Amino acid sequence: MTSTGGKASEAVARAIGALVEGVTFYDLANIAVAEMRVKVAFEEFGRRKKGQLAKLEAVTARTAKDAAVLPGIYPMDVVSKVECYVCGYAAETRAMPNVCPNCGAARYAFEKEITLAKAWEIAANTGRKSAALFREAAAHADAGIRAVLEELAREEDGEAAQADRQLEELRT
Ligand SMILES: [Zn+2]
């Protein structure tokens, strides 16, 4: 039945999209921030996302990534652009300049201040949303892929719970 097949591949495309979005978000976040502990946290989150993406890609068709649908669960606007704090010149984070082309300020003028608490908050929120998305996708997916999606959903639950604990610790 074509409608079932369509739903199944749509579900996988959304799940792949959620992971591609996560990898992209954490890459940009890692470039944009200066504070070492936050940088390290984003790097670690990004590594986990890449691992999850590899797991899902291993059981899906090679074309799955091309069909990826970004679900918009990561706050991309927080990290996609950087702004010179001296003059306000905006640049793509991917192309963060070493010197502001407008006022000549050094690279650090573009670095973002994202607190460690904010980083854990993002991890907790996106972890919960990803878990829900993977479960939803699992319900429509074929058996082999379903098992991986369910495993990823459990991982996300665990990571969201861990992020909650870290956040709690920072607040006390
Ligand atoms: Zn500037």
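One can find the structure itself at the top, above this paragraph.
Residues numbered from 1 in each chain as written. Predicted model: local features only at pLDDT ≥ 70, side-chain atom pairs only at ≥ 80, totals over all residues. Heavy atoms only, no water.

1. As for the overall build of the protein
Summing up its helical and strand segments, the protein has five helices and two strands in all. Principal axes of the C-alpha set define a box for the protein whose edges measure 60 × 40 × 20 Å. Of all 172 residues assigned to the protein, the portion counted as buried reaches 41%. For the protein, the proportion of contacts with a sequence separation of at least 24, taken over those separated by at least 6, is 69%. For the protein, the accessible area works out to roughly 9200 Å², and carbon and sulfur atoms hold 52% of it. Taking the average location of the 23 positive side-chain charges in the protein and that of its 25 negative ones, the two points are 1 Å from each other. (Helix = DSSP H or I, 4+ residues; strand = E, 2+ residues; numbered from the N terminus. Buried < 20%, exposed > 50% of the residue type's maximum accessible area, 1.4 Å probe, protein only. Contact = heavy atoms within 4.5 Å. Areas by Shrake-Rupley, 256 points an atom, 1.4 Å probe, with all protein chains shown as cover. Lys, Arg positive; Asp, Glu negative; His and termini not counted. Charge placed at Lys NZ, Arg CZ, Asp CG, Glu CD.)

2. Comments concerning the coordination of the zinc ion
Distances from the zinc ion to its protein donors, Cys 84 (SG), Cys 87 (SG), Cys 100 (SG) and Cys 103 (SG), fall within 2.3 to 2.4 Å. Because the angles between the four donor atoms bound to the zinc ion fall within 106 to 115°, the donor set is best described as tetrahedral. When its relative accessible area of 2% is taken as the criterion, Cys 84 is described as buried. (Donors = N, O, S within 2.8 Å, 3.2 Å for Na, K, Ca; no water. Tetrahedral: all angles 85-135°; square planar, octahedral: opposite > 155°, others 65-115°.)

3. Brief notes about the packing of aromatic side chains
Applying the stated criterion across every chain, the model contains eight aromatic pairs. A centroid spacing of 5.1 Å and a plane angle of 75° characterise the contact between Phe 45 and Trp 120, whose relative ring orientation is edge-to-face. Highlighted residues: Phe 45 in helix 2 (residues 36-59) and Trp 120 in helix 4 (residues 116-140), separated in sequence by 75 residues. Judged by relative accessible area, Trp 120 falls into the buried class, the value being 10%. Taken together, the ring pairs connect Phe 25, Tyr 26, Phe 42, Phe 45, Tyr 74 and Trp 120 into an aromatic cluster. (Phe/Tyr/Trp six-rings, centres within 6.5 Å; stacked < 30°, edge-to-face > 60°.)

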